[in-house]
Structures are given as C-alpha cells and as structure tokens.
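# Tertiary structure, described
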Amino acid sequence: MSRWRRSGRRPDRHEEARRARRAALGALRERGWVLPRSLARDDVVPRWTRIGVVDGPSSSTVDDRGLVTVHDRISVDWAIGAEDRWHHPGVEPNVAQARLDHAPVVETELRVPGGTVVHRAFAARGSAYGGGDEWVVVEVENRSAVPVVLAWVIRPFSPTAVTPVERMEVTPLVAGSTGPAGSAGSAGPRTVVVDGEVVAILPRAPSRWAAGADGRDPLVAVVEGAAAVEGEPVAQMNQGSGGPVPASLVLLHPLPHTVTTRLVLPAAGVGAAPPWPGDLPESTAVAAGWTLRADRGVRVGLPDPVLGDAVEAARRSLALNHRVERAGPAVPDRAAPTHHRLTSGTGRGTDDGPATGVEMLAAEAWWAPPGESAGPASRWGELQRDDATFGSIADTAAAVRALALHAIAADDTVIAEAWLPELSGAIEVLGRAARRGDGDRAAVSEGLDAAAVLLERLGQADAASRVRADRPTGPVEPRGTPGSGGPPNARGEVPADRAVKAPTGAEVDPRGVAAAAVAVARDGGANEPLWALLRAASSTWTWPDVGRWTGDDGLVTARFLDAVGRLLLRDGPDGVALVPWLPPGWWGRGWEVHGAPTRWGRLSYAVRWHGDRPAVLWDLAGPRDRLPLSAPGLDPTWSADSVRGEALLAPVPPPPDLDLTDPAGPADPTDPGAVAGADGTSDAGGGDAGPVRGVAIAAPPRSVWRPQDPGPDAPAGGAPFEGDAPDGGDGATDGPGLPPEGTSFS
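Residues numbered from 1 in each chain as written. Predicted model: local features only at pLDDT ≥ 70, side-chain atom pairs only at ≥ 80, totals over all residues. Heavy atoms only, no water.

### Comments concerning the overall build of the protein
- Within the protein, the secondary structure is distributed over 19 helices and 30 strands.
- Expressed as a percentage of the 746 residues in the protein, the buried residues total 56%.
- If you take every contact in the protein between residues at least 6 apart in sequence, the share linking residues at least 24 apart comes to 68%.
- Summed over its atoms, the accessible surface of the protein is roughly 29500 Å², and 51% of this surface lies on carbon and sulfur atoms. (Helix = DSSP H or I, 4+ residues; strand = E, 2+ residues; numbered from the N terminus. Buried < 20%, exposed > 50% of the residue type's maximum accessible area, 1.4 Å probe, protein only. Contact = heavy atoms within 4.5 Å. Areas by Shrake-Rupley, 256 points an atom, 1.4 Å probe, with all protein chains shown as cover.)

Here's what the structure looks like:
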C-alpha cells in the first residue's frame, strides 16, 4: 500500500514544482541577487499596485519599486547608470511612487545626480482589440540634466515566487514588422523570448547586454563593466552546488536628456509572434480615459484631501476587480462568449469565495457607471451554496444587499427575476435567523430590507411587507459615540475581533480593519477604523492581504468604498439620512455627492456652511415625487419631504478637540468671512480659497507626508548597490530610521 493511501492523503502533483521554486529562491539568496524585499526576506509582506484594462481577463502588477510582473511569472526590473554609479530602485532610499491622476498608471521616481528618472507602467489596448490585443507598457523618462544608461532587467521571478527559467534570448522581431521611427535594420525591434514564449518587445536592439556567470546576478557584471557588446543576448540556467539558478538578462540602452523610451509586454490576445504595437496610447491619454469612465459613476468632493485621494484611486481601481474572459475567436463587436468574474487579486488562479464576491459586487454596483455590474451580477446564484446561504448569515445578508444595489443602480430586475428561486432561499435563511435571533442583528435587518426592495421591484408587494415585518426591531448600539469623533474604544485601538495583528510583522490586517470600517459606518458610529485604514495604505492607495500573501487586495478596496458610501448617506425604507455621523474635521467645510443610487432615485447633494450653520442642497433624479430626508449628523431635528430643495440647518457646535485659535485649524464660527465666501457659501468643495483648514487628515504613507532620513543602514553614496544590500540583498532593513515596508521615499 502506498504512503498516501496509508495516510489518507493524496500527494500534491504540484509539490515537485514548488520544491524547485524554493530551491531556486534559496540559490538566488545565497548568491546575493538583488531581489524584491518580499522575496529577499520571509517576514516582509509584498506590496504592489494592479494595472490592467477594463473588461480584461487578468491584471498585471507594479511593486513599490517599479518591478513589473505579467502573468505572475516573469518580471521586468530596471536600473539607471548615472554619472556617479549605478542606481537600483530596489535598494535606493530616494525613490517615490504615485499614481498619475489617480489612475492605474504607476509612476516610480528615482533621484539621480542632476535630477530624476521616472519609470511609468500602465496597461492599454491596441487597435486590433476585439477581446484581445492587450499590452503592458513600461516607459522610462530621463528628466535629469545629463544622459544616463537604462538597464532593462528581465527577471525570473515575481514579487512572491521564483520561476525556474531555463533559457532567455533576444531575437529580431518577425519579418515585415516595424518599430519606432529610426529603429529599422540590424538595430530594429527585438523580442525577448523566455522558454519559447515572447514576453517583451524592445523598440531597438540593446547597445550592450549581460547574462551573468556562475549563477551570479547579471547586474553585478554590469556594475563591474563586463557587459557584452557583440552577438544576440542569451542566458541559460546555471547548475551550481547551491542549486539551479534561473536565467536572467540585463539589456542596456543609452537614454539622453528629456528622452522617453518604452518596452511593451504582451498581456493577452496578441498571438505567438506579435508585431510592434505602434498605436498604443500615451500614459496621459490612458489616465484621462480612466477618469472619464469613473466620472460616469458616483462622484464625490470631500473636505479631507487624503480621504479624497484614496477614494479617487479606489474608484478607478474598482474595475480591476471585474475580469472578463472571452471564449472563441475575438470579434470587434465583442460578440464572443464571455465569462464574468470578480476577483480580489490579478485574476489568475482560484476564484475568491462567495462572500468576497458579493462584497465586491455591492461596491461595483454602487460606485461604478450604471450597468457595469450586470456581468458579475448575472453569476449571483452560482455563488450560493446548497443550503441557500453564501457562507455565514451575515454573508447571505450581504449577498441579498448586493443584488438589490445592482437592481437599484442599474434599474434592472431581470437578473433578480432570473435568480428568484435562489433569492427566495436566501430570504428564508435571513427570516429564520431573524426569528431565532441568530447572526448579526444589524446585518440581518439590512439583508431583509434589501430583500423587500427586490420583491417590491418584482411586483410582489405583499411578500415585501411580510419580509419587512420580519426585520429585527430596536436600536442597534453603535460602535463609538456618534458625533464625538471618539475611537471605538478608550485606547484608540481598532477592536481586536475586527482586526487581528498579522503574524508576519504587519501592524494590522487590512481586511479586518476594512470590515470594521463598514460595520461602524452601517451603525452610524465614529469611524476610527476608516482613518486607520488610510494610515495602512501604500503611496498608491493599495492594501496587501497578509493571509494570501498578495500585495493589492481588491476586497479591501471594495470595503473601503462601501464604508465611505455609508458615511455619506444611509438609504432606508423611511428615507435617506445624509451624514449619519459627522467627522470632526469636516466641521466648517463643505462636500458634495453626485448621482448616488438610492431606492428613491439617484440623489445629489451638497453641504455648505454659513458660520456655524450648515446648509444642505439636494436634488433627486427619478420618477418619485417625494423624498423623506434627514441629516442626523448635522441636525437631528431637521427633516424634509421634497425631491429637491435647500435648507439652512441649526447651528452645530465645533468639536471639542479642534483648536479654533490655531492658524492652520478651522476658522472661528463667529467670523463669517473666515468660513463663508463672498456669496455666503463655504469655500470648501473645490474652491480656490487657500489651504484646507480643520480637516481630520489621516496621516498618509510617510513618503507622501514628509521627506525621510534614509537612516544609518542605507547604502553609502558612491558605492555599488549590490555591495550595500544587507539581509539577502534587498537593501532595506526594519531598523530605526528606515521607512516601514510598503512605503517609498520622497
């Protein structure tokens, strides 16, 4: 009898491949390769930003130092040869990263003598798109005052795993293809082929190249001046005493002052022998396209600039949770069969569980352009289990709410009608939980309310009344004191049951903090977890998942947007409550919401301040002739019943923890000119009236907030980077003075 039969466990057919990857990683560490910090050390959580196209089959990633990975296998790294020495962003302290106009266009800036060099990565489609022809574009722009040398480094790893690559080579592009102007002939475009697969296309042949020797990092050969000049670049796997070392290539290109060069990586649908895609758009056009798409959904203007930046980035990244796979030949009208799915990662590997899917569906339905959620909503019933639940009772309530949000936002009941038997089963589960007192009472109540909304839209008013009668009654104790600005507990900590400290060294679990932010916002309490989530974000407004060891968790993005939406308004059977809780720093500052979906219609509203009195302006688009409206966070005694109007509410005393005498703080409410503009409205909400005052700004990543001292363990000036990289070659430690993992440098 075999061992697995005796133990009752079947052997993992992928175990041999995993052992090979672990052996390869150990060999790279032993030989001092420059690795991403998440590979160089076992206790560093990976950080990256997803990039991709709308409705694409998967996403690619850019780590916090500009390492670009497609298909989770091969990466493209970069380094700059300046006047003094070689600079590798993976170990340099003077690196900063941000999004271009909040879009999934990631710019990584490396400071060198004479200025900066900017690395830019984004995804785009070519003119042949019909369900394919997707590319990742990597650009490097020399903004310094002197010419530099650019090194493209083709790496056999992603930020989390090593690929045992046997052969890399650079070959001329297929006959008949042309590259950029001036790149014809022997110096024309080149393809980078890894184990027989085209992984990148260069606009012209490299001037020099290096492959390393005896398993050494090829960057070492470049620093030592041993790069080759003649012949087509090729690298082979090295077999050494410490284990096999995968192949890697360094390709050198001169980069004069003000010049930008690019490299493109096939992402999907480009064929086995792709030509040079000369019609790909510029980064600014791609960022503008993301903005136009996001602005067709819910738009907000918030008084907290940090929260506002995070919301703008999350609105654009939300589309990367929705991946589309097309079967059969691609056609220009997208008529090929499609498969929609929601994923919190890059879209490769196993799908997320049903609970994760319905939470991401709810965020997409509320925030995305109308109708964008129809694809993933069409799979709603497929996520349901045999017992009619979606996991726990709270998960089942979230699933019903997600379907209701789609029906409300898209004005579409076709999908709910198609899944009516499955919906009835979920409603029965929630009704039974309400009668027995099982599960989270607030979640069950919300789920049954959403079920009633769906039944009413399906023309079943009597059933909706019976479901609504089953909702748990009585007040729900909020987490925190509404209006006080106090945290969920006296020590200012996130509740332990909502955010478990990660065993990998991370201070918080972003998924847990995001779940706490949603729960607090639902209950109308002081939402400290929301601002704690901002403090845990990267400089590109992403959060890792320490449980799955991924660098950009789409579920956290969805929960973050859900919490912000609940902070701005609460849609209930008795009407819409604006601002259930007023963040202390929003006092005296205006904000706006445009096109928020509610069961009553699409609602837009704005808050302006006249001294210490807030004014509310609102407008409801839809067939309703009345809108019950309140604003408990501003004036608990005020209410209205019209679809549009404006009202001046009662005075709101300033929060006790705001210093009105601080020049950088909020204006004194007794000085109307300091708070209101000449027209009697606040200068907040997008005006040009000077710096923001009195805003509860969450401290963003340190590199964005203030310049950082690289610390005593940073590489010494003028030294080759590979000789100054402690702890496995990653060039960073967690010692005093160094920035925390996941941040970049100013």
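Anyway, onward from the coordinates.
### As for the side chain of D552
- Its location among the elements puts D552 in the loop between α15 (528-535) and α16 (554-568).
- Setting aside chain neighbours within four positions, we find D552 in contact with W48, T49, R50, S344, T542, W543, P544 and T557.

### Considerations on the pairing of strand β1 (residues 48-51)
- The side-chain alternation of β1 yields two buried faces, one formed by W48 and R50 and the other by T49 and I51.
- One ladder, built from four bridges, connects β1 with strand β2 (residues 60-63); its direction is antiparallel. Paired with W48 across the two strands is D63, which belongs to β2. (Pairing = 2+ DSSP bridges.)

### Re unusual backbone geometry
- Phi is positive for D72, close to 60 degrees, though the residue is something other than glycine.
- As for its placement among the helices and strands, D72 is situated in the loop between β3 (68-70) and β4 (74-81).
- Phi is positive for D411, which is not a glycine, with a value near 50 degrees.
- Here D411 lies in the loop between α9 (393-410) and α10 (414-418).

### A closer look at the packing of helix α14 (residues 510-523) against α16
- One can describe the packing of α14 onto α16 by two numbers: an axis separation of 8 Å at closest approach and a directional angle of 20 degrees. Taken together, the axes of α14 and α16 are roughly parallel relative to one another. Helix-helix and strand crossings are classified by hand; for α14 and α16 the assignment is left-handed. For the pair formed by α14 and α16, the contact residues are P510, R511, A514, A515, A517, V518, A521 and R522 on the first element and L555, V556, R559, D562, A563, R566 and L567 on the second.
- Split by residue class, the contact of α14 with α16 holds 10 nonpolar, no polar and five charged. (Axes fitted to C-alpha atoms, helices over the stretch in contact; angles between N-to-C directions. Parallel < 35°, antiparallel > 145°, perpendicular 65-115°, else oblique. Left-handed = near helix turned anticlockwise from the far one by under 90°. Nonpolar A, V, L, I, M, F, W, Y, C, P; charged D, E, K, R; others polar.)

### Description of the sheet that holds strand β28 (residues 629-631)
- An order of β23-β24-β28-β29 is seen for the four strands of this open sheet, with the pairing classed as mixed. Each edge of the open sheet is held by one strand with a lone partner, namely β23 (569-572) and β29 (635-640). Each neighbouring strand pair of the sheet contributes to a mean axis angle of 20 degrees, computed without reference to strand direction.
- Here four bridges tie β23 to strand β24 (residues 575-578), and the two strands are oriented antiparallel to one another. Bridge pairing in β24 links R570 to A577.

### Observations regarding helix α11 (residues 420-436)
- Taking 1.5 Å per residue, 17 residues should reach 24 Å; α11 reaches 24 Å between its end C-alpha atoms and fits that length.
- Residues L423, A426, I427, V429, L430, G431, A433 and A434 constitute the buried set of α11.
- Taken together, the buried residues of α11 touch α9, α12 (441-457) and α13 (461-469).
- Looking one or two residues beyond α11, the residue adopting positive phi is G437, at roughly 75 degrees. (Expected span 1.5 Å × (residues − 1).)

### Quick look at the packing of aromatic side chains
- Applying the stated criterion across every chain, the model contains seven aromatic pairs.
- Taken together, a centroid distance of 6.2 Å and an interplanar angle of 85 degrees make the contact between W531 and W581 edge-to-face. Pair noted here: W531 is in helix α15 and W581 is in the loop between β24 and β25 (591-598), with a separation of 50 residues, a long-range link. W581 carries the same exposure label as W531, and that label is buried. (Phe/Tyr/Trp six-rings, centres within 6.5 Å; stacked < 30°, edge-to-face > 60°.)

### A look at the nonpolar core
- Residues F560, L578, W591, Y605, W618 and L634 are the most contacted members of the largest nonpolar core, which totals 101 residues.
- Considering every element that reaches this core, the biggest residue donor is α16, with nine residues.
- Apart from the residues lying within four places of it in its own chain, the contact partners of Y605 are L568, L569, L578, V579, W591, E592, V593, L617 and W618.
- Membership of the second largest hydrophobic core comes to 39 residues, among which are V76, L110, V199 and L263. (Core = buried A, V, L, I, M, F, W, Y, C linked by side-chain atoms within 4.5 Å.)

### Section: α13
- Taken together, the buried positions of α13 are A463, A464 and V467. Projected down its long axis, α13 shows its buried positions confined to an angular sector of 100 degrees, all on one face. In α13, the exposed positions angled more than 90 degrees off the buried face are occupied by D462, R466 and A469.
- On its buried side, α13 packs onto α11 and α12. (Arc of directions from axis to C-beta.)

### What about the sheet that holds β25?
- Taking strand neighbours across the sheet as the criterion, the five strands line up as β20-β25-β26-β27-β30 in an open arrangement whose pairing is antiparallel. Since the sheet does not close on itself, it has two edges, and those belong to β20 (299-301) and β30 (644-648), each with one partner. Neighbour to neighbour, the strand axes of the sheet diverge by 15 degrees on average, direction disregarded.
- In the sheet, strand β26 (residues 601-610) pairs with strand β27 (residues 613-621) via nine bridges, with the strands oriented antiparallel. When the sheet's bridge partners are listed, A606 is paired in β27 with L617.

### Observations regarding the confidence of the model for the protein
- Taken residue by residue, the protein gives an average pLDDT of 81. The fraction at 70 or more is 76%.
- Here residues 329-334 is modelled with pLDDT under 50, and outside its nearest four sequence neighbours on either side it reaches 12 contacts, counting other chains as well.
- Contacts of residues 476-506 to residues separated by more than four positions or lying in other chains number 55 contacts, the stretch itself having pLDDT below 50. (pLDDT = per-residue confidence, 0-100.)

### Things to note about the packing of α12 against α13
- One can describe the packing of α12 onto α13 by two numbers: an axis separation of 8 Å at closest approach and a directional angle of 175 degrees. Our classification of the angle between α12 and α13 gives roughly antiparallel. Of the residues in α13, those in contact with L448, D449, A451, A452, V453, L455 and E456 of α12 are A461, A463, A464, V467 and R468.
- For the contact of α12 with α13, the class distribution of residues is nine nonpolar, no polar and three charged.

### Brief notes about the side chain of S539
- Mapped onto the fold, S539 is located in the loop between α15 and α16.
- When its relative accessible area of 11% is taken as the criterion, S539 is described as buried.
- At 3.0 Å, the side chain of S539 forms a polar contact with the backbone oxygen of Q97. (Polar contact = N/O pair within 3.5 Å; in protein donor to acceptor, adjacent residues only side chain to side chain.)

### Points about the pattern of salt bridges
- Tallied over the entire structure, the rule returns 46 salt bridges.
- E107 is paired through a salt bridge with R120; the nearest N and O atoms lie 2.8 Å apart. Note that E107 is positioned in strand β7 (residues 106-112) and R120 in strand β8 (residues 115-125), a separation of 13 residues in sequence. Here the two residues E107 and R120 agree in accessibility, since each one is buried.
- Close ionic contact of E446 with R401 constitutes a salt bridge, the shortest N to O distance being 3.8 Å. Taken together, the residues E446 in helix α12 and R401 in helix α9 connect sequence positions 45 residues apart. (Salt bridge = Lys/Arg side-chain N within 4 Å of Asp/Glu carboxyl O.)

### Focus on the pairing of strand β9 (residues 134-142)
- Within β9, nine of the nine residues are buried, leaving the element largely enclosed by the surrounding structure.
- Residues E134, V136, V138, V140 and N142 point to one face of β9 and W135, V137, E139 and E141 to the other, with burial holding for every one of them.
- In terms of strand pairing, β8 meets β9 through nine bridges, oriented antiparallel. Among the inter-strand pairings, R125 is bridged to a residue of β9, identified as E134.

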